[in-house]
Amino acid sequence: MFRERLEGRHSALDAWKFAHWENFSASLGLRTVAWPLPSAQVAQIDNSHPDRNVAIAAVEAFIYGEEATA
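Brief notes about the overall build of the chain
What the chain contains, in helices and strands, is four helices and zero strands. The globule rule puts the C-alpha radius of gyration for 70 residues at 11 Å, and the 16 Å found for the chain is more than 25% above it. Burial analysis of the chain (70 residues in total) assigns 9% to the buried set. Counting every atom, the chain has about 6,100 Å² of accessible surface; 57% of that belongs to carbon and sulfur.

As structure tokens, this is what we get:
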């Protein structure tokens, strides 16, 4: 899905990514935050839903908590 998004934006900046897709795509996995932060202050936001408002709502809920859904 990520590759489709890159192809859809037709950016010359993505040429290296396509030419080295095997190496580039291997870097796309989830990452662990290395700083000593409380887990409540770290969020993994899934932005794969076709409606970007789903990801926006998740980010707002993380930042504002219950206030975002009110």
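Things to note about the pattern of salt bridges
Should the charged atoms of two oppositely charged side chains come close, the side chains can pair. According to the stated counting rule, one finds three salt bridges in the structure shown. The salt bridge partner of E7 is R3, with a shortest N-O separation of 3.0 Å. Within this pair, E7 and its partner R3 are both found in helix α1 (residues 2–9), separated by four residues, close to a single helical turn. Exposure remark for E7: the relative accessible area of 38% places this residue in the partly exposed category. Its relative accessible area of 30% is what places R3 among the partly exposed residues. Salt-bridge contacts for D14 lead to K17; the nearest nitrogen and oxygen are separated by 2.9 Å. For the pair D14 and K17, a shared accessibility class is recorded, and that class is buried.

A word on the packing of aromatic side chains
As enumerated under the stated definition, the model contains three aromatic pairs in all. Members of the aromatic cluster, each reached through a chain of ring pairs, are F2, F18, W21 and F24. Between R3 and the ring centre of W21, over which it is positioned, the NZ or CZ distance is 4.9 Å.

Quick notes on helix α4 (residues 52–64)
Across its 13 residues, α4 extends 18 Å between first and last C-alpha, which sits within 8% of the 18 Å expected from 1.5 Å per residue. The N-capping residue of α4, defined by a side-chain oxygen 2.9 Å from the backbone nitrogen of N53, is D51. Phi turns positive one or two residues past the end of α4, at G65, with a value near 70°.

Cut-offs used in this document
- Residues numbered from 1 in each chain as written.
- Predicted model: local features only at pLDDT ≥ 70, side-chain atom pairs only at ≥ 80, totals over all residues.
- Heavy atoms only, no water.
- Helix = DSSP H or I, 4+ residues; strand = E, 2+ residues; numbered from the N terminus.
- Rg over C-alpha atoms; globule rule 2.2 N^0.38 Å.
- Buried < 20%, exposed > 50% of the residue type's maximum accessible area, 1.4 Å probe, protein only.
- Areas by Shrake-Rupley, 256 points an atom, 1.4 Å probe, with all protein chains shown as cover.
- Salt bridge = Lys/Arg side-chain N within 4 Å of Asp/Glu carboxyl O.
- Phe/Tyr/Trp six-rings, centres within 6.5 Å; stacked < 30°, edge-to-face > 60°.
- Lys NZ or Arg CZ within 6 Å of the ring centre and 35° of its normal.
- Expected span 1.5 Å × (residues − 1).
- Polar contact = N/O pair within 3.5 Å; in protein donor to acceptor, adjacent residues only side chain to side chain.

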